[in-house]
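# Structure assessment
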Amino acid sequence: MADEWHGELRHIRGAQLTGDTGQTTGMTRLEAISGKTVGSSKLWTGKTLVAPATSSGDHHHGDTETSIYVVSGNPVFVFADGDTEVRLETEPGDFIFVPPYAPHREENPGDTEAVVVISRSSQEGVVVNLPSLWSPVDRS
């Protein structure tokens, strides 16, 4: 029996990931660890798949911090710095940090699927889709 000091570990098998979470065009998010799936209170973890020669829509993740680990492929993470579009080209083993409210998108210029693991400082998969990287962001 679990108490405040001896919580129960939960095992989520890869085949149990669900797409019943916030989505953005051009990619598929699969939820593993969340308030909904395991009752977490401060963490959301999942996997994102981007098909070859595909770009996601522009989006941000609200007030959450996001950690991204590149499992396979060579995804490119794109954000705006003033009037300039900045492209972070990655390879397997790389990490990306996305601060709260930072508009960005994922691109996969390669010929194989890009797979990343995402963790957020939230128990929900917060996704706010945007028309462009330069769209005003509502921080309320």
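Residues numbered from 1 in each chain as written. Predicted model: local features only at pLDDT ≥ 70, side-chain atom pairs only at ≥ 80, totals over all residues. Heavy atoms only, no water.

A few words now on the side chain of arginine 120. One can find arginine 120 in strand 10 (residues 114-120). Comment: no salt bridge for buried arginine 120; closest opposite-charge side chain is glutamate 106, at 6.9 Å. At a separation of 3.2 Å, a polar atom in the side chain of arginine 120 contacts the side chain of threonine 66. Contacts of arginine 120, omitting those with residues within four sequence positions, involve Arg29, Lys42, Leu43, Trp44, His61, Thr64, Glu65, Thr66, Gly125 and Val126. (Helix = DSSP H or I, 4+ residues; strand = E, 2+ residues; numbered from the N terminus. Buried < 20%, exposed > 50% of the residue type's maximum accessible area, 1.4 Å probe, protein only. Lys, Arg positive; Asp, Glu negative; His and termini not counted. Salt bridge = Lys/Arg side-chain N within 4 Å of Asp/Glu carboxyl O. Polar contact = N/O pair within 3.5 Å; in protein donor to acceptor, adjacent residues only side chain to side chain. Contact = heavy atoms within 4.5 Å.)

Take the environment of serine 135 next. Of note, serine 135 is situated in the segment after strand 11 (128-129). Within polar-contact distance, the side chain of serine 135 engages the backbone oxygen of serine 132 at 3.0 Å.

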